[in-house]
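A closer look at the structure
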Amino acid sequence: MSYRPDLPMIVQSDRTILLEAQHPQFEEARQAIAAFAELIKSPEYIHTYRITPLSLWNAAASGMKPEQVTGLLGAYSKYGVPPTIVRDIHETIGRYGLLRLIQSEGQLRLVSSDPLLLRELTSYKSVSALLDAGEDSLAPGTETAAVPVKAYARGLIKQELIRLGYPVQDLAGYHEGEDCPVSLRATTSSGRPLQLRAYQQEAIDAFYAAGTVMGGSGVLVLPCGAGKTVIGLGVLCQLQKATLILTTNTTSVRQWIAELRDKTDLDPSCIGEYSGERKEVRPVTVATYQILTYHPDADSEFPHMALFSERDWGLIIYDEVHLLPAPVFRVTSGIQATRRLGLTATLVREDGRQEDVFTLIGPKRYEMPWKVLEEQGWIAEATCKEIRLPFEGKWREAYALAGARQKYRIAAENPRKLAVVQKLLERHEHDQVLIIGQYVEQLEHMAKLLDIPVITGKVPERERELLYQRFKAGEINRLIVSKVANFAVDLPDANVAIQISGTFGSRQEEAQRLGRILRPKQKENAAHFYTLVTRDTREQDFAMNRQLFLIEQGYKYEVIEIESLD
DNA sequence: CAGGGGGGAA
DNA sequence: AGGTATCCCCCCTG
């Protein structure tokens, strides 16, 4: 391979990719590798990506071939693609589909075109424990080997095999579940015509096609504001089966129910709420994750998990699937014959359980990049700025002397942030501004000094709603919010967000906070996101990690260094 | 039945 | 690794 110094990328044999961020071809190269590589570092000149097995399998699940992956790498790489990487990519993608779960003659079977591999993997005790007795000779005359799998172990065996490095393609099919005739209305109850956007229909089709050919489960990844609920409703209307919808909190439960009433022709008596307050189990039931994970004491059962078997569900929708809690994973593992749809804006989890999402919900079936949605005008154009500021002397000292545990908090609560916020508020005098932070003390302090209303978990629901309304109406145009902003679905739209502190390195929180200002704007379709960071502290390190997902999506953070604040 | 407290979870 | 705030459950009170 010849040396092409004009190209923007270097592909290395340790599965990392170095991409020049200032290169004219940066943007197209970034888009090309986004489907199968994960961003791990993004300083100003060279971004580092890593090709992971899971990202390759997700790409494979959406139909990508190894030649396409290596082709894209080769097209932008100065030194070509190292032969070991080419082999590695072929081998890893080749693993997807090598093992399949199928159902034949009433028996669940693990099959492979590689008998030796099958023998090797089933010799692990953890795997053989999940097999039914007896060697299997499934299809005489073919090269395919098969072993019978215990019916209950459909999820467990997939989890175990992916741990051993082999994803399983699940083609064992689904039971249909109870019928539930439903379709989308032509117009919403307010009389507006209901027309799915092109990408929403594509996402539904991607899932439905998966349902007929590959097995109807998987994850749809769409940015905040892309209309994930509508897509969920679309899938429901496509399948027309009793459906359990799981989501993060009761506000969101109510939101789903409102949407079901507004946009489908379901009779209200067919829609149930299963929450702390009500325990309705109807053909379409909406519940929170938290009620499912409720158990009276540490080592007792989960009484509400029975919801999974209380009706013959034909579809389970996991809203915000990246937040799915561990006990729900366990139950989900046991219901692999039920169709499952995961919805999320950021497939990343900081706890590394994305393999479980891949295995137990299903592979990624569709992804809509944020920037594409922006180009189509469905979300506002956002500019991101990271403002780095120093400590003042006393705090600098406190930081230096503090133990590792307190360092982050001291940096996050740097009182100099106040003056910066003030400046930004002056600049955005006529804008709707949200100030978002994580430490209640810091927020309340700032609220007092700037005379801005503050919403934390302590503020009663009614008061919150009142403030939201006044903000929406434009009566007030500044609001300080704590982590309530992470959950509130009814938080009003703003066009400026100032982040003064956040949860360590959470990429998904950063994305969600940006999402708060992305609803398309009436006048100028622009939004501004600022994040305030104390320079040369742990906060700066965490800020870098927080930004990775959005940078991966093509957002750029302009760094503004503030030396002193006079 | 509204509202507050305790407890667990991610 | 590191940790705070939040949410939601259920139970209790009046």
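Note that this is a predicted model, so its numbers are computed, not measured.

Some points on the environment of Gln354
You can see Gln354 is positioned in helix H13 (residues 354-361). Note: C-alpha distance between Gln354 and Leu54 (300 residues apart in sequence) is 8.4 Å. Excluding its chain neighbours within four sequence positions, the residues that come into contact with Gln354 are Leu54, Leu347, Val348 and Arg349.

Here's the deal with the domain arrangement of chain A
Domain parsing of chain A yields domain 1 (9-95), domain 2 (99-170), domain 3 (198-368) and domain 4 (374-564). Contact residues are listed per partner, giving 9 residues for domain 2 and 11 residues for domain 3. Both sides of the domain 2 and domain 3 interface together cover about 840 Å² of buried area, and 50% of this is carbon and sulfur. Across the contact surface, domain 2 and domain 3 share 0 salt bridges. The tally of links from domain 2 across to domain 3 stands at 5 residue pairs in polar contact (both at pLDDT 80 or more). Going through the elements one at a time, helix H7 (154-163) and strand E8 (168-170) are the ones with two or more residues in the side of domain 2 that touches domain 3. Among the elements that line the side of domain 2 that touches domain 3, the one with the most residues is H7, at 6 residues.

Side note on the sheet that holds strand E5 (residues 99-104)
With mixed pairing, 4 strands are arranged side by side in an open sheet as E7-E6-E5-E8. The sheet is open, and its two borders are formed by strand E7 (145-149) and E8, each paired with just one other strand. Averaged over neighbouring strand pairs, the angle between their axes works out to 30° when direction is ignored. Where strand E6 (residues 107-112) and E7 come together, 5 bridges link them in antiparallel fashion. Looking across to E7, one finds that Ser112 is bridged to Ala145.

Here we look at the protein's contact with DNA strand B
Close contacts around DNA strand B come from His295, Pro325, Ala326 and Pro327, and that covers them all. Grouping the constituent residues of the surface near DNA strand B by class yields 3 nonpolar, 1 polar and no charged.

Let's talk about the pattern of salt bridges
Side-chain pairing between opposite charges can occur once the charged atoms of the two side chains come close. Going through the model one piece at a time under the given rule, you end up with 36 salt bridges. Put simply, Arg95 and Glu91 hold a salt bridge, and the shortest N to O gap is 3.2 Å. Of this pair, Arg95 and Glu91 are both found in helix H4 (residues 83-95), 4 residues apart, which corresponds to roughly one turn of the helix. Judged by its relative accessible area of 19%, Arg95 is buried. Under the relative-accessibility criterion, Glu91 is labelled partly exposed at 39%.

Things to note about the nonpolar core
Core analysis: the biggest nonpolar cluster contains 99 residues, and Leu73, Trp370 and Leu514 have the highest contact counts within it. With 7 residues, the single largest contributor to this core is helix H9 (residues 228-239). Listed in part, the 25 residues of the second largest apolar core include Ala242, Leu292, Leu307 and Leu347.

Here's the deal with the packing of helix H17 (residues 417-427) against helix H18 (residues 440-450)
Each pair of packed helices can be described by the angle between their axes along with the distance between the axes. Running from N to C, H17 and H18 cross one another at 50°; their axes reach a closest spacing of 11 Å. In terms of axis orientation, H17 runs oblique to H18. Handedness of the H17/H18 crossing: right-handed. Residue-level inspection shows Lys417, Leu418, Val421, Gln422 and Leu425 of H17 in contact with H18, the latter providing Gln442, Met446, Leu449 and Leu450.

Concerning the protein's contact with DNA strand C
Taken together, 28 residues sit near DNA strand C, with Asn249, Gln290, Arg405, Ser482 and Phe542 positioned nearest. The sugar-phosphate share of atoms of DNA strand C within 4 Å of the protein amounts to 79%. Within the side chain of Lys483, an N or O atom sits 2.6 Å from a base oxygen of DNA strand C. Sorting the residues of the surface near DNA strand C by element identifies helix H11 (289-292), helix H16 (404-412), helix H20 (484-487) and helix H22 (538-552) as the ones contributing at least two each. Considering each element in turn, the surface near DNA strand C owes the most residues, 3 residues, to H16. Looking at side-chain class alone, the surface near DNA strand C contains 9 nonpolar, 13 polar and 6 charged residues.

Topic: the packing of aromatic side chains
According to the stated counting rule, one finds 9 aromatic pairs in the structure shown. Ring centres 6.4 Å apart and planes at 65° place the aromatic pair Tyr96 and Phe358 in the edge-to-face group. Of this pair, Tyr96 sits in the loop between H4 and E5 while Phe358 sits in helix H13, and the two are 262 residues apart along the sequence. By relative accessible area, Tyr96 is classed as buried at 14%. Residue classification places Phe358 among the buried positions, given a relative accessible area of 6%. Ring centres 5.3 Å apart and planes at 80° place the aromatic pair Phe504 and Phe542 in the edge-to-face group.

Quick word on the packing of H16 against H22
Remark: H16 packs on H22, axes separated minimally by 8 Å, with the N-to-C direction vectors making an angle of 80°. As far as their axial angle goes, H22 and H16 are roughly perpendicular. Of H22, the residues touching H16 (which contributes Ala404, Lys407, Tyr408, Ala411 and Ala412) are Arg538, Glu539 and Phe542. Considering only residue class, the contact of H16 with H22 consists of 5 nonpolar, no polar and 3 charged.

Conventions we followed
- Residues numbered from 1 in each chain as written.
- Chains lettered and ligands numbered in written order.
- Predicted model: local features only at pLDDT ≥ 70, side-chain atom pairs only at ≥ 80, totals over all residues.
- Heavy atoms only, no water.
- Helix = DSSP H or I, 4+ residues; strand = E, 2+ residues; numbered from the N terminus.
- Contact = heavy atoms within 4.5 Å.
- Domains from an automatic or database assignment.
- Buried area = accessible area lost by both parts, 1.4 Å probe.
- Salt bridge = Lys/Arg side-chain N within 4 Å of Asp/Glu carboxyl O.
- Polar contact = N/O pair within 3.5 Å; in protein donor to acceptor, adjacent residues only side chain to side chain.
- Pairing = 2+ DSSP bridges.
- Axes fitted to C-alpha atoms, helices over the stretch in contact; angles between N-to-C directions.
- Near = heavy atom within 4 Å.
- Nonpolar A, V, L, I, M, F, W, Y, C, P; charged D, E, K, R; others polar.
- Buried < 20%, exposed > 50% of the residue type's maximum accessible area, 1.4 Å probe, protein only.
- Core = buried A, V, L, I, M, F, W, Y, C linked by side-chain atoms within 4.5 Å.
- Parallel < 35°, antiparallel > 145°, perpendicular 65-115°, else oblique.
- Left-handed = near helix turned anticlockwise from the far one by under 90°.
- Phe/Tyr/Trp six-rings, centres within 6.5 Å; stacked < 30°, edge-to-face > 60°.

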